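An overview of the molecular structure
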Amino acid sequence: MMDLQHGSLFLKTPTIVADTGYAVTAGSRIVIVTAGVRQQEGESRLNLVQRNVNIFKHIIPQIVKHSPNCILVVVSNPVDIMTYVTWKLSGLPKHRVIGSGCNLDSARFRYLMAEKLSVHPTSFHGWILGEHGDSSVPVWSGANVAGVNLQTLNPDIGTDQDKEGWKETHKMVVDSAYEVIKLKGYTNWAIGMSVADLTESLTKNLSRIHPVSTMVKGMYGINEDVYLSLPCVLNNSGVSSVINMTLNAEEVAKLKKSADTLWGIQKDLKDL
Amino acid sequence: LQELADELALVDVIEDKLKGEMMDLQHGGLFLRTPKIVADKDYSCTANSKVVVVTAGARQQEGESRLNLVQRNVNIFKFIIPNIVKYSPNCIILVVSNPVDILTYVAWKLSGFPRNRVIGSGCNLDSARFRYLMGERLNLHPSSCHGWVIGEHGDSSVPVWSGVNVAGVSLKNLNPDMGTDKDKENWKEVHKQVVESAYEVIKLKGYTSWAIGMSVADLVETILKNLRKVHPVSTMVQGMHGVKDEVFLSIPCVLSSSGLSDVVKMTLKSDEEEQLRKSADTLWGIQKELKL
(Lines give C-alpha, C1' and ligand atoms only; values in the text may rest on other atoms or scores of the structure.)
Protein backbone atom coordinates (compact mmCIF):
# COMPACT_ATOMS: atom_id res chain seq x y z
CA MET A 1 0.00 0.00 0.00
CA MET A 2 2.77 2.41 1.00
CA ASP A 3 4.75 1.76 -2.18
CA LEU A 4 1.68 2.55 -4.27
CA GLN A 5 0.85 5.62 -2.17
CA HIS A 6 4.38 6.94 -2.68
CA GLY A 7 3.65 7.02 -6.39
CA SER A 8 0.54 9.19 -5.86
CA LEU A 9 2.05 12.15 -7.68
CA PHE A 10 2.00 10.07 -10.85
CA LEU A 11 -1.48 8.62 -10.35
CA LYS A 12 -5.08 9.75 -10.47
CA THR A 13 -6.18 7.40 -7.67
CA PRO A 14 -6.30 9.68 -4.63
CA THR A 15 -7.29 7.16 -1.96
CA ILE A 16 -5.36 3.94 -1.52
CA VAL A 17 -6.11 2.01 1.69
CA ALA A 18 -5.31 -1.47 2.93
CA ASP A 19 -6.33 -3.59 5.90
CA THR A 20 -6.85 -7.14 7.02
CA GLY A 21 -10.40 -6.18 8.04
CA TYR A 22 -13.04 -5.87 5.31
CA ALA A 23 -14.65 -2.70 6.64
CA VAL A 24 -12.15 -0.80 4.54
CA THR A 25 -13.87 -2.11 1.38
CA ALA A 26 -17.30 -0.75 2.27
CA GLY A 27 -19.29 0.74 -0.56
CA SER A 28 -17.15 -0.72 -3.34
CA ARG A 29 -18.53 -0.79 -6.87
CA ILE A 30 -16.23 -3.58 -7.95
CA VAL A 31 -14.43 -6.15 -5.84
CA ILE A 32 -11.71 -8.23 -7.45
CA VAL A 33 -10.86 -11.48 -5.72
CA THR A 34 -7.38 -12.84 -6.41
CA ALA A 35 -6.95 -14.54 -3.05
CA GLY A 36 -6.15 -18.15 -2.61
CA VAL A 37 -3.36 -20.58 -3.24
CA ARG A 38 -1.70 -20.50 -6.62
CA GLN A 39 -0.37 -23.21 -8.87
CA GLN A 40 3.00 -24.69 -8.07
CA GLU A 41 5.24 -25.60 -10.96
CA GLY A 42 3.45 -28.26 -12.99
CA GLU A 43 0.28 -28.20 -10.88
CA SER A 44 -3.06 -27.92 -12.68
CA ARG A 45 -5.62 -25.30 -11.68
CA LEU A 46 -8.28 -27.90 -10.75
CA ASN A 47 -6.02 -29.19 -7.99
CA LEU A 48 -6.43 -25.97 -6.05
CA VAL A 49 -10.21 -26.30 -5.60
CA GLN A 50 -10.96 -27.44 -2.12
CA ARG A 51 -8.27 -25.29 -0.55
CA ASN A 52 -9.60 -22.22 -2.25
CA VAL A 53 -13.24 -23.02 -1.50
CA ASN A 54 -12.39 -22.92 2.20
CA ILE A 55 -10.70 -19.56 1.82
CA PHE A 56 -13.68 -18.18 -0.10
CA LYS A 57 -16.08 -19.26 2.66
CA HIS A 58 -14.33 -16.66 4.78
CA ILE A 59 -13.88 -13.95 2.15
CA ILE A 60 -17.09 -13.77 0.13
CA PRO A 61 -19.62 -13.20 2.94
CA GLN A 62 -17.46 -10.35 4.27
CA ILE A 63 -17.25 -8.66 0.90
CA VAL A 64 -21.01 -8.84 0.42
CA LYS A 65 -21.63 -7.58 3.95
CA HIS A 66 -19.73 -4.36 3.28
CA SER A 67 -20.62 -3.85 -0.39
CA PRO A 68 -24.00 -5.48 -1.03
CA ASN A 69 -24.37 -3.75 -4.40
CA CYS A 70 -20.97 -4.51 -5.85
CA ILE A 71 -19.95 -6.51 -8.89
CA LEU A 72 -17.64 -9.38 -7.99
CA VAL A 73 -14.80 -10.25 -10.36
CA VAL A 74 -13.17 -13.56 -9.50
CA VAL A 75 -9.60 -14.24 -10.65
CA SER A 76 -8.47 -17.01 -8.29
CA ASN A 77 -8.00 -20.39 -9.93
CA PRO A 78 -9.64 -22.65 -10.98
CA VAL A 79 -11.56 -19.53 -11.97
CA ASP A 80 -14.69 -21.11 -13.45
CA ILE A 81 -15.33 -23.22 -10.35
CA MET A 82 -14.39 -20.39 -7.98
CA THR A 83 -16.81 -18.06 -9.77
CA TYR A 84 -19.55 -20.66 -9.24
CA VAL A 85 -18.55 -20.92 -5.58
CA THR A 86 -18.59 -17.14 -5.24
CA TRP A 87 -22.03 -16.95 -6.81
CA LYS A 88 -23.35 -19.52 -4.33
CA LEU A 89 -21.69 -18.01 -1.28
CA SER A 90 -22.62 -14.42 -2.13
CA GLY A 91 -26.27 -14.83 -3.03
CA LEU A 92 -25.77 -12.12 -5.64
CA PRO A 93 -27.62 -12.33 -8.97
CA LYS A 94 -25.61 -14.09 -11.66
CA HIS A 95 -25.01 -10.97 -13.75
CA ARG A 96 -23.01 -9.46 -10.90
CA VAL A 97 -20.60 -12.37 -10.43
CA ILE A 98 -18.05 -12.61 -13.20
CA GLY A 99 -14.93 -14.72 -13.61
CA SER A 100 -11.87 -13.31 -15.37
CA GLY A 101 -12.07 -16.56 -17.29
CA CYS A 102 -10.70 -16.63 -20.82
CA ASN A 103 -10.12 -12.87 -21.09
CA LEU A 104 -6.42 -13.55 -20.61
CA ASP A 105 -6.37 -16.69 -22.79
CA SER A 106 -7.93 -14.71 -25.63
CA ALA A 107 -5.44 -11.88 -25.09
CA ARG A 108 -2.55 -14.36 -25.21
CA PHE A 109 -4.08 -15.99 -28.29
CA ARG A 110 -4.43 -12.63 -30.05
CA TYR A 111 -0.86 -11.71 -29.09
CA LEU A 112 0.58 -14.99 -30.46
CA MET A 113 -1.51 -15.00 -33.64
CA ALA A 114 -0.70 -11.35 -34.28
CA GLU A 115 3.03 -12.07 -33.90
CA LYS A 116 2.71 -14.78 -36.57
CA LEU A 117 0.91 -12.35 -38.87
CA SER A 118 3.01 -9.27 -38.00
CA VAL A 119 0.11 -7.10 -36.89
CA HIS A 120 -0.79 -5.51 -33.56
CA PRO A 121 -2.86 -7.77 -31.29
CA THR A 122 -5.78 -5.35 -31.44
CA SER A 123 -6.06 -6.00 -35.17
CA PHE A 124 -6.30 -9.74 -34.82
CA HIS A 125 -9.68 -11.03 -33.73
CA GLY A 126 -10.04 -14.44 -32.16
CA TRP A 127 -11.93 -15.92 -29.25
CA ILE A 128 -11.03 -18.62 -26.76
CA LEU A 129 -14.00 -19.80 -24.75
CA GLY A 130 -14.99 -22.41 -22.24
CA GLU A 131 -12.79 -23.47 -19.34
CA HIS A 132 -9.91 -21.20 -18.42
CA GLY A 133 -7.37 -23.94 -18.45
CA ASP A 134 -6.28 -27.04 -20.22
CA SER A 135 -9.57 -27.60 -22.06
CA SER A 136 -10.22 -24.08 -23.41
CA VAL A 137 -11.82 -23.91 -26.86
CA PRO A 138 -10.30 -21.80 -29.67
CA VAL A 139 -13.12 -20.76 -31.98
CA TRP A 140 -11.33 -21.06 -35.32
CA SER A 141 -14.45 -20.21 -37.28
CA GLY A 142 -14.31 -16.69 -35.87
CA ALA A 143 -10.61 -15.94 -36.28
CA ASN A 144 -10.17 -12.99 -38.62
CA VAL A 145 -8.14 -9.92 -39.58
CA ALA A 146 -10.10 -6.99 -41.01
CA GLY A 147 -13.08 -9.27 -41.42
CA VAL A 148 -11.12 -11.71 -43.57
CA ASN A 149 -11.94 -15.09 -42.10
CA LEU A 150 -8.81 -17.25 -41.67
CA GLN A 151 -10.71 -20.52 -41.80
CA THR A 152 -12.15 -19.59 -45.20
CA LEU A 153 -8.60 -19.09 -46.47
CA ASN A 154 -7.32 -22.25 -44.78
CA PRO A 155 -10.09 -24.76 -44.08
CA ASP A 156 -7.64 -27.00 -42.20
CA ILE A 157 -6.90 -24.30 -39.63
CA GLY A 158 -6.71 -25.71 -36.10
CA THR A 159 -6.85 -29.32 -37.20
CA ASP A 160 -4.05 -31.88 -37.17
CA GLN A 161 -3.85 -31.73 -40.99
CA ASP A 162 -3.11 -28.02 -40.92
CA LYS A 163 0.19 -27.43 -42.75
CA GLU A 164 0.55 -24.06 -41.05
CA GLY A 165 0.32 -25.60 -37.59
CA TRP A 166 -2.13 -23.12 -36.07
CA LYS A 167 -3.20 -25.66 -33.44
CA GLU A 168 0.23 -25.12 -31.90
CA THR A 169 -0.73 -21.52 -31.18
CA HIS A 170 -3.63 -22.62 -29.01
CA LYS A 171 -1.40 -25.13 -27.28
CA MET A 172 1.03 -22.31 -26.48
CA VAL A 173 -1.83 -20.36 -24.90
CA VAL A 174 -2.71 -23.32 -22.67
CA ASP A 175 0.94 -23.81 -21.72
CA SER A 176 1.65 -20.08 -21.24
CA ALA A 177 0.93 -19.85 -17.55
CA TYR A 178 2.87 -23.01 -16.74
CA GLU A 179 5.83 -21.67 -18.71
CA VAL A 180 5.92 -18.27 -17.05
CA ILE A 181 5.49 -19.87 -13.61
CA LYS A 182 8.39 -22.18 -14.36
CA LEU A 183 10.56 -19.22 -15.37
CA LYS A 184 9.71 -16.59 -12.79
CA GLY A 185 7.57 -18.37 -10.21
CA TYR A 186 4.21 -16.65 -10.89
CA THR A 187 2.41 -14.50 -13.45
CA ASN A 188 1.30 -10.96 -12.73
CA TRP A 189 1.67 -8.45 -15.59
CA ALA A 190 -0.62 -9.97 -18.22
CA ILE A 191 -3.32 -11.11 -15.80
CA GLY A 192 -3.22 -7.70 -14.09
CA MET A 193 -3.63 -5.86 -17.38
CA SER A 194 -6.43 -8.14 -18.52
CA VAL A 195 -8.39 -7.64 -15.28
CA ALA A 196 -7.86 -3.87 -15.53
CA ASP A 197 -9.31 -4.11 -19.03
CA LEU A 198 -12.46 -5.78 -17.63
CA THR A 199 -12.71 -3.27 -14.81
CA GLU A 200 -12.56 -0.43 -17.31
CA SER A 201 -15.58 -1.79 -19.20
CA LEU A 202 -17.48 -2.22 -15.93
CA THR A 203 -16.72 1.14 -14.32
CA LYS A 204 -16.98 3.21 -17.48
CA ASN A 205 -20.18 1.46 -18.58
CA LEU A 206 -18.65 0.69 -21.97
CA SER A 207 -20.76 -2.31 -23.04
CA ARG A 208 -17.72 -3.92 -24.61
CA ILE A 209 -17.67 -7.65 -25.24
CA HIS A 210 -15.20 -9.79 -23.31
CA PRO A 211 -14.76 -13.56 -23.02
CA VAL A 212 -15.47 -13.95 -19.32
CA SER A 213 -16.79 -16.69 -17.13
CA THR A 214 -20.55 -16.52 -16.64
CA MET A 215 -23.45 -18.86 -15.76
CA VAL A 216 -24.12 -20.81 -18.93
CA LYS A 217 -26.95 -23.14 -17.92
CA GLY A 218 -29.44 -23.39 -20.72
CA MET A 219 -26.97 -22.60 -23.49
CA TYR A 220 -25.37 -25.10 -25.87
CA GLY A 221 -27.22 -27.98 -24.26
CA ILE A 222 -25.68 -27.42 -20.82
CA ASN A 223 -28.14 -28.29 -18.08
CA GLU A 224 -26.13 -27.73 -14.91
CA ASP A 225 -25.17 -24.61 -12.95
CA VAL A 226 -21.69 -24.18 -14.38
CA TYR A 227 -19.62 -21.10 -15.19
CA LEU A 228 -17.70 -21.04 -18.47
CA SER A 229 -16.33 -18.23 -20.61
CA LEU A 230 -18.53 -16.92 -23.39
CA PRO A 231 -18.52 -13.50 -25.06
CA CYS A 232 -20.33 -11.20 -22.60
CA VAL A 233 -21.37 -7.59 -22.88
CA LEU A 234 -19.95 -5.82 -19.79
CA ASN A 235 -21.15 -2.50 -18.43
CA ASN A 236 -21.91 -0.93 -15.07
CA SER A 237 -24.64 -3.47 -14.29
CA GLY A 238 -22.21 -6.34 -14.81
CA VAL A 239 -22.98 -8.89 -17.52
CA SER A 240 -25.86 -7.30 -19.38
CA SER A 241 -26.09 -9.94 -22.09
CA VAL A 242 -24.30 -12.96 -23.51
CA ILE A 243 -23.48 -13.33 -27.19
CA ASN A 244 -24.85 -16.53 -28.69
CA MET A 245 -21.81 -17.37 -30.81
CA THR A 246 -22.36 -19.68 -33.75
CA LEU A 247 -20.19 -22.66 -32.89
CA ASN A 248 -19.76 -25.80 -34.93
CA ALA A 249 -20.71 -29.21 -33.53
CA GLU A 250 -17.17 -30.02 -32.44
CA GLU A 251 -16.79 -26.75 -30.53
CA VAL A 252 -20.15 -27.24 -28.79
CA ALA A 253 -19.13 -30.76 -27.84
CA LYS A 254 -15.91 -29.44 -26.24
CA LEU A 255 -17.86 -26.84 -24.25
CA LYS A 256 -20.24 -29.50 -23.04
CA LYS A 257 -17.30 -31.70 -22.05
CA SER A 258 -15.76 -28.83 -20.02
CA ALA A 259 -19.13 -28.25 -18.38
CA ASP A 260 -19.33 -31.92 -17.42
CA THR A 261 -15.79 -31.92 -15.99
CA LEU A 262 -16.49 -28.81 -13.93
CA TRP A 263 -19.85 -30.07 -12.69
CA GLY A 264 -18.17 -33.33 -11.71
CA ILE A 265 -15.98 -31.39 -9.30
CA GLN A 266 -18.59 -28.86 -8.20
CA LYS A 267 -21.17 -31.37 -7.08
CA ASP A 268 -18.74 -32.76 -4.48
CA LEU A 269 -18.04 -29.40 -2.84
CA LYS A 270 -19.26 -29.23 0.71
CA ASP A 271 -21.47 -26.61 2.38
CA LEU A 272 -21.87 -23.90 -0.17
CA LEU B 1 2.71 0.22 -18.93
CA GLN B 2 3.03 3.96 -19.42
CA GLU B 3 3.42 3.27 -23.14
CA LEU B 4 6.44 5.47 -23.65
CA ALA B 5 8.49 3.36 -26.01
CA ASP B 6 7.83 1.44 -29.19
CA GLU B 7 10.48 -1.05 -28.24
CA LEU B 8 11.49 -2.31 -24.82
CA ALA B 9 14.59 -4.43 -24.20
CA LEU B 10 15.25 -6.13 -20.86
CA VAL B 11 18.67 -7.39 -19.78
CA ASP B 12 19.55 -9.37 -16.69
CA VAL B 13 21.91 -12.12 -15.62
CA ILE B 14 19.24 -14.41 -14.17
CA GLU B 15 17.98 -15.87 -17.43
CA ASP B 16 14.84 -17.69 -16.26
CA LYS B 17 13.39 -14.76 -14.37
CA LEU B 18 14.27 -12.46 -17.27
CA LYS B 19 12.48 -14.65 -19.83
CA GLY B 20 9.51 -15.09 -17.52
CA GLU B 21 9.11 -11.34 -17.07
CA MET B 22 9.46 -10.74 -20.79
CA MET B 23 6.80 -13.35 -21.62
CA ASP B 24 4.41 -12.07 -18.97
CA LEU B 25 4.70 -8.53 -20.38
CA GLN B 26 4.35 -9.79 -23.95
CA HIS B 27 1.16 -11.65 -23.04
CA GLY B 28 -0.32 -8.30 -22.12
CA GLY B 29 0.46 -7.07 -25.65
CA LEU B 30 -3.22 -6.62 -26.48
CA PHE B 31 -3.48 -4.00 -23.74
CA LEU B 32 -0.26 -2.17 -24.57
CA ARG B 33 1.09 0.09 -27.23
CA THR B 34 4.64 -1.26 -26.95
CA PRO B 35 4.72 -3.68 -29.86
CA LYS B 36 8.20 -5.04 -29.37
CA ILE B 37 9.42 -6.44 -26.06
CA VAL B 38 12.69 -8.39 -26.12
CA ALA B 39 14.99 -9.73 -23.47
CA ASP B 40 18.43 -11.34 -23.39
CA LYS B 41 21.42 -11.53 -21.19
CA ASP B 42 23.47 -10.35 -24.15
CA TYR B 43 23.51 -6.58 -24.63
CA SER B 44 23.18 -6.75 -28.42
CA CYS B 45 19.39 -6.74 -27.92
CA THR B 46 19.69 -3.18 -26.58
CA ALA B 47 21.32 -1.76 -29.71
CA ASN B 48 20.27 1.75 -30.70
CA SER B 49 18.41 2.54 -27.53
CA LYS B 50 17.43 6.14 -26.92
CA VAL B 51 17.29 5.73 -23.17
CA VAL B 52 18.91 3.02 -21.05
CA VAL B 53 17.68 2.68 -17.47
CA VAL B 54 20.13 0.92 -15.15
CA THR B 55 18.59 -0.64 -12.06
CA ALA B 56 21.08 -3.47 -11.75
CA GLY B 57 23.06 -4.25 -8.70
CA ALA B 58 22.75 -5.33 -5.12
CA ARG B 59 19.90 -3.73 -3.19
CA GLN B 60 19.59 -2.67 0.41
CA GLN B 61 18.88 -5.36 2.97
CA GLU B 62 16.64 -4.44 5.88
CA GLY B 63 18.34 -1.63 7.78
CA GLU B 64 21.26 -1.33 5.36
CA SER B 65 22.20 2.13 4.13
CA ARG B 66 22.62 2.84 0.43
CA LEU B 67 26.28 3.87 0.80
CA ASN B 68 27.11 0.34 1.93
CA LEU B 69 26.32 -1.04 -1.49
CA VAL B 70 29.03 0.94 -3.29
CA GLN B 71 31.90 -1.33 -4.05
CA ARG B 72 29.71 -4.28 -4.97
CA ASN B 73 27.78 -2.19 -7.41
CA VAL B 74 30.85 -0.50 -8.89
CA ASN B 75 32.10 -3.93 -9.90
CA ILE B 76 28.81 -4.79 -11.55
CA PHE B 77 28.83 -1.46 -13.40
CA LYS B 78 32.33 -2.14 -14.77
CA PHE B 79 30.70 -4.91 -16.78
CA ILE B 80 27.41 -3.26 -17.62
CA ILE B 81 28.26 0.30 -18.64
CA PRO B 82 30.81 -0.46 -21.39
CA ASN B 83 28.33 -2.98 -22.86
CA ILE B 84 25.58 -0.40 -22.95
CA VAL B 85 27.84 2.17 -24.60
CA LYS B 86 29.06 -0.34 -27.16
CA TYR B 87 25.56 -0.97 -28.51
CA SER B 88 23.98 2.45 -27.98
CA PRO B 89 26.75 5.04 -28.21
CA ASN B 90 24.26 7.90 -28.47
CA CYS B 91 21.89 6.94 -25.68
CA ILE B 92 21.02 8.71 -22.47
CA ILE B 93 21.86 6.65 -19.41
CA LEU B 94 19.50 6.92 -16.47
CA VAL B 95 20.99 5.40 -13.32
CA VAL B 96 18.66 4.13 -10.58
CA SER B 97 20.86 1.65 -8.68
CA ASN B 98 21.89 2.78 -5.21
CA PRO B 99 23.76 4.69 -3.95
CA VAL B 100 22.51 6.56 -6.98
CA ASP B 101 24.61 9.71 -6.75
CA ILE B 102 27.88 7.78 -6.55
CA LEU B 103 26.86 5.24 -9.19
CA THR B 104 25.85 8.02 -11.57
CA TYR B 105 29.36 9.40 -11.15
CA VAL B 106 30.72 5.89 -11.80
CA ALA B 107 28.54 5.47 -14.90
CA TRP B 108 29.72 8.85 -16.16
CA LYS B 109 33.36 7.90 -15.73
CA LEU B 110 33.00 4.42 -17.20
CA SER B 111 30.92 5.53 -20.19
CA GLY B 112 32.96 8.52 -21.30
CA PHE B 113 29.66 10.24 -22.13
CA PRO B 114 29.23 14.02 -21.84
CA ARG B 115 27.54 15.03 -18.59
CA ASN B 116 24.22 15.83 -20.19
CA ARG B 117 23.72 12.19 -21.11
CA VAL B 118 24.30 10.54 -17.73
CA ILE B 119 21.55 11.27 -15.23
CA GLY B 120 20.72 9.77 -11.86
CA SER B 121 17.10 9.22 -10.76
CA GLY B 122 18.26 10.96 -7.60
CA CYS B 123 15.70 12.88 -5.59
CA ASN B 124 12.87 12.59 -8.14
CA LEU B 125 11.31 9.95 -5.90
CA ASP B 126 12.14 11.75 -2.62
CA SER B 127 10.39 14.86 -3.92
CA ALA B 128 7.41 12.77 -5.08
CA ARG B 129 7.17 11.17 -1.62
CA PHE B 130 7.48 14.63 -0.01
CA ARG B 131 4.68 15.98 -2.19
CA TYR B 132 2.52 12.93 -1.43
CA LEU B 133 2.95 13.42 2.33
CA MET B 134 2.40 17.15 1.97
CA GLY B 135 -0.77 16.45 0.00
CA GLU B 136 -2.04 14.12 2.74
CA ARG B 137 -1.45 16.80 5.39
CA LEU B 138 -3.20 19.51 3.38
CA ASN B 139 -5.88 17.27 1.85
CA LEU B 140 -4.80 18.03 -1.70
CA HIS B 141 -3.59 16.04 -4.69
CA PRO B 142 0.23 15.80 -4.72
CA SER B 143 0.41 17.54 -8.08
CA SER B 144 -0.91 20.71 -6.44
CA CYS B 145 1.68 20.60 -3.67
CA HIS B 146 5.03 21.99 -4.62
CA GLY B 147 8.19 21.16 -2.73
CA TRP B 148 11.73 20.16 -3.64
CA VAL B 149 14.04 17.71 -1.94
CA ILE B 150 17.56 17.98 -3.32
CA GLY B 151 21.10 16.83 -2.66
CA GLU B 152 21.95 13.25 -1.78
CA HIS B 153 19.28 10.66 -2.46
CA GLY B 154 19.47 9.21 0.95
CA ASP B 155 19.81 10.03 4.61
CA SER B 156 21.21 13.52 4.05
CA SER B 157 18.78 14.86 1.43
CA VAL B 158 17.87 18.55 1.76
CA PRO B 159 14.23 19.75 1.88
CA VAL B 160 14.13 23.29 0.52
CA TRP B 161 11.55 24.77 2.88
CA SER B 162 11.70 28.21 1.32
CA GLY B 163 10.27 26.84 -1.91
CA VAL B 164 7.41 24.79 -0.47
CA ASN B 165 4.13 26.27 -1.73
CA VAL B 166 0.55 25.70 -2.83
CA ALA B 167 -0.70 27.89 -5.64
CA GLY B 168 2.32 30.12 -5.19
CA VAL B 169 1.56 30.72 -1.52
CA SER B 170 4.80 30.07 0.34
CA LEU B 171 4.17 27.96 3.42
CA LYS B 172 7.31 29.28 5.06
CA ASN B 173 5.96 32.84 4.85
CA LEU B 174 2.86 31.69 6.73
CA ASN B 175 4.91 29.65 9.22
CA PRO B 176 8.45 31.02 9.59
CA ASP B 177 9.44 28.15 11.93
CA MET B 178 8.72 25.59 9.23
CA GLY B 179 11.34 22.85 9.10
CA THR B 180 13.01 23.87 12.34
CA ASP B 181 12.84 22.16 15.72
CA LYS B 182 10.63 24.97 17.06
CA ASP B 183 7.97 24.34 14.43
CA LYS B 184 4.66 23.61 16.17
CA GLU B 185 3.36 21.95 13.04
CA ASN B 186 6.47 19.75 12.91
CA TRP B 187 7.06 19.77 9.15
CA LYS B 188 10.54 18.40 9.79
CA GLU B 189 8.78 15.10 10.46
CA VAL B 190 7.58 15.08 6.84
CA HIS B 191 11.15 15.14 5.59
CA LYS B 192 12.15 12.52 8.13
CA GLN B 193 9.38 10.27 6.80
CA VAL B 194 10.67 10.76 3.26
CA VAL B 195 14.15 9.68 4.33
CA GLU B 196 12.77 6.65 6.14
CA SER B 197 10.23 5.69 3.47
CA ALA B 198 12.39 3.24 1.63
CA TYR B 199 13.59 1.54 4.82
CA GLU B 200 9.99 1.18 5.97
CA VAL B 201 8.67 -0.30 2.74
CA ILE B 202 11.65 -2.66 2.55
CA LYS B 203 10.98 -3.77 6.12
CA LEU B 204 7.33 -4.45 5.23
CA LYS B 205 7.50 -6.02 1.80
CA GLY B 206 11.19 -6.66 1.19
CA TYR B 207 11.81 -4.12 -1.57
CA THR B 208 10.25 -1.07 -3.26
CA SER B 209 8.97 -1.20 -6.82
CA TRP B 210 5.84 0.81 -7.61
CA ALA B 211 6.83 4.32 -6.62
CA ILE B 212 10.38 4.17 -7.96
CA GLY B 213 9.08 2.63 -11.19
CA MET B 214 6.54 5.37 -11.66
CA SER B 215 9.04 8.10 -10.88
CA VAL B 216 11.55 6.75 -13.42
CA ALA B 217 8.78 6.46 -16.04
CA ASP B 218 8.04 10.11 -15.33
CA LEU B 219 11.67 11.01 -16.15
CA VAL B 220 11.72 8.82 -19.27
CA GLU B 221 8.55 10.47 -20.51
CA THR B 222 10.08 13.92 -20.23
CA ILE B 223 13.19 12.77 -22.08
CA LEU B 224 11.51 10.81 -24.88
CA LYS B 225 8.82 13.40 -25.49
CA ASN B 226 11.30 16.28 -25.25
CA LEU B 227 9.07 18.01 -22.70
CA ARG B 228 11.68 20.22 -20.99
CA LYS B 229 10.08 19.64 -17.61
CA VAL B 230 12.09 20.36 -14.48
CA HIS B 231 12.93 17.37 -12.29
CA PRO B 232 15.18 17.00 -9.24
CA VAL B 233 17.70 14.53 -10.63
CA SER B 234 21.32 13.74 -9.94
CA THR B 235 23.83 15.62 -12.07
CA MET B 236 27.42 16.87 -11.89
CA VAL B 237 27.33 19.85 -9.54
CA GLN B 238 30.98 20.85 -9.43
CA GLY B 239 31.18 24.63 -9.34
CA MET B 240 27.66 25.14 -7.98
CA HIS B 241 26.68 26.03 -4.44
CA GLY B 242 30.33 26.01 -3.43
CA VAL B 243 30.92 22.35 -4.37
CA LYS B 244 34.52 21.88 -5.50
CA ASP B 245 34.72 18.17 -6.33
CA GLU B 246 33.35 16.09 -9.18
CA VAL B 247 30.26 14.86 -7.41
CA PHE B 248 26.72 14.15 -8.55
CA LEU B 249 23.86 15.52 -6.45
CA SER B 250 20.22 16.23 -7.20
CA ILE B 251 19.22 19.72 -8.19
CA PRO B 252 16.33 20.88 -10.38
CA CYS B 253 17.25 20.09 -13.99
CA VAL B 254 15.53 20.72 -17.31
CA LEU B 255 15.24 17.38 -19.14
CA SER B 256 14.74 17.04 -22.86
CA SER B 257 15.53 14.67 -25.73
CA SER B 258 19.21 15.57 -25.45
CA GLY B 259 19.15 14.59 -21.80
CA LEU B 260 19.97 17.26 -19.30
CA SER B 261 19.84 20.58 -21.09
CA ASP B 262 19.79 23.15 -18.29
CA VAL B 263 20.00 23.45 -14.54
CA VAL B 264 17.88 25.68 -12.31
CA LYS B 265 19.99 27.76 -9.96
CA MET B 266 18.05 27.64 -6.75
CA THR B 267 18.40 30.46 -4.24
CA LEU B 268 19.30 28.46 -1.16
CA LYS B 269 19.79 29.65 2.38
CA SER B 270 23.29 29.35 3.80
CA ASP B 271 22.41 26.35 5.96
CA GLU B 272 20.87 24.56 2.97
CA GLU B 273 24.03 25.20 0.92
CA GLU B 274 26.06 23.98 3.88
CA GLN B 275 24.09 20.71 3.89
CA LEU B 276 24.69 20.27 0.15
CA ARG B 277 28.42 20.81 0.61
CA LYS B 278 28.47 18.33 3.44
CA SER B 279 26.76 15.71 1.25
CA ALA B 280 29.26 16.49 -1.50
CA ASP B 281 32.13 15.95 0.94
CA THR B 282 30.69 12.64 2.15
CA LEU B 283 30.22 11.42 -1.40
CA TRP B 284 33.66 12.57 -2.54
CA GLY B 285 35.18 10.84 0.49
CA ILE B 286 33.82 7.56 -0.83
CA GLN B 287 34.36 8.26 -4.53
CA LYS B 288 38.05 9.02 -4.26
CA GLU B 289 38.68 5.53 -2.86
CA LEU B 290 37.00 3.79 -5.78
CA LYS B 291 39.12 1.92 -8.26
CA LEU B 292 37.68 2.65 -11.68
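Residues numbered from 1 in each chain as written. Chains lettered and ligands numbered in written order. Predicted model: local features only at pLDDT ≥ 70, side-chain atom pairs only at ≥ 80, totals over all residues. Heavy atoms only, no water.

Chain B has the name L-lactate dehydrogenase in an unreviewed UniProt entry, where Polyodon spathula is given as its organism. In its Catalytic activity (unreviewed entry) section, the UniProt entry covering chain B states "(S)-lactate + NAD(+) = pyruvate + NADH + H(+)". (UniProt positions renumbered as here; feature names shortened; annotations may be inferred.)

The name given to chain A in an unreviewed UniProt entry is L-lactate dehydrogenase, with Polyodon spathula as the source organism. Under Catalytic activity (unreviewed entry), UniProt gives the following word-for-word description of chain A: "(S)-lactate + NAD(+) = pyruvate + NADH + H(+)".

Here the focus is the pairing of strand β11 (residues 238–242) of chain A. Sheet faces and side chains relate simply in a regular strand, where the side chains alternate between the two faces. All names here are of chain A. Bridge count for strand β10 (residues 227–235) against β11 is 4 bridges, and the pairing is antiparallel. Of the residues in β11, the one forming a bridge with Cys232 is Val242. Once β10 ends, the chain turns through 2 residues before running back antiparallel as β11. (Pairing = 2+ DSSP bridges. Helix = DSSP H or I, 4+ residues; strand = E, 2+ residues; numbered from the N terminus.)

Residues annotated in UniProt with the feature "domain: Lactate/malate dehydrogenase C-terminal" (unreviewed entry) correspond here to residues 103–263 of chain A. Between the end C-alpha atoms of residues 103–263 of chain A the distance is 21 Å, and the span holds 42% helix and 21% strand.

With that settled, the discussion passes to the sheet that holds strand β6 (residues 145–146) of chain B. What links the strands of a sheet is backbone hydrogen bonding, and the strands pair in either a parallel or an antiparallel sense. All names here are of chain B. Pairing is antiparallel across the open sheet formed by 3 strands, whose spatial order is β6-β9-β10. Edge positions in the open sheet fall to β6 and β10 (169–170), since each of these has one partner strand only. Note that β6 and strand β9 (residues 165–166) share 2 bridges and pair antiparallel. Each bridged residue has a counterpart across the sheet, and for His146 the counterpart in β9 is Asn165.

We now examine the UniProt feature "domain: Lactate/malate dehydrogenase C-terminal" (unreviewed entry) in chain B. The feature "domain: Lactate/malate dehydrogenase C-terminal" (unreviewed entry), as given by UniProt, occupies residues 124–284 of chain B in the numbering adopted here. The span residues 124–284 of chain B carries 42% helix and 21% strand; its end-to-end C-alpha distance comes to 22 Å.

Time to look at the pattern of salt bridges. Under the defined criterion, the tally for this structure stands at 24 salt bridges over all chains. For Lys19 of chain B, the salt bridge is made with Glu179 of chain A, and the minimal N-O distance between the two is 3.7 Å. Of this pair, Lys19 of chain B sits in helix α1 (residues 15–27) while Glu179 of chain A sits in helix α6 (residues 167–184), each in a different chain. For Lys17 of chain B, the salt bridge identified is with Glu21 of chain B, shortest N-O distance 2.7 Å. Of this pair, Lys17 of chain B and Glu21 of chain B are both found in helix α1, 4 residues apart, which corresponds to roughly one turn of the helix. For Glu21 of chain B, a relative accessible area of 17% translates into the label buried. (Salt bridge = Lys/Arg side-chain N within 4 Å of Asp/Glu carboxyl O. Buried < 20%, exposed > 50% of the residue type's maximum accessible area, 1.4 Å probe, protein only.)

Attention now moves to the packing of helix α2 (residues 70–87) of chain B against helix α3 (residues 100–111) of chain B. Residue and element names in this part refer to chain B. Running from amino to carboxyl end, α2 crosses α3 at an angle of 40°, the nearest separation of the two axes being 9 Å. Between α2 and α3, the angle falls in the class oblique. Seen along the crossing, α2 lies across α3 with a hand that is right-handed. Where α2 approaches α3, its residues Val70, Asn73, Val74, Phe77, Lys78, Ile81 and Val85 are matched on the opposing element by Ile102, Leu103, Val106, Ala107, Leu110 and Ser111. (Axes fitted to C-alpha atoms, helices over the stretch in contact; angles between N-to-C directions. Parallel < 35°, antiparallel > 145°, perpendicular 65-115°, else oblique. Left-handed = near helix turned anticlockwise from the far one by under 90°. Contact = heavy atoms within 4.5 Å.)

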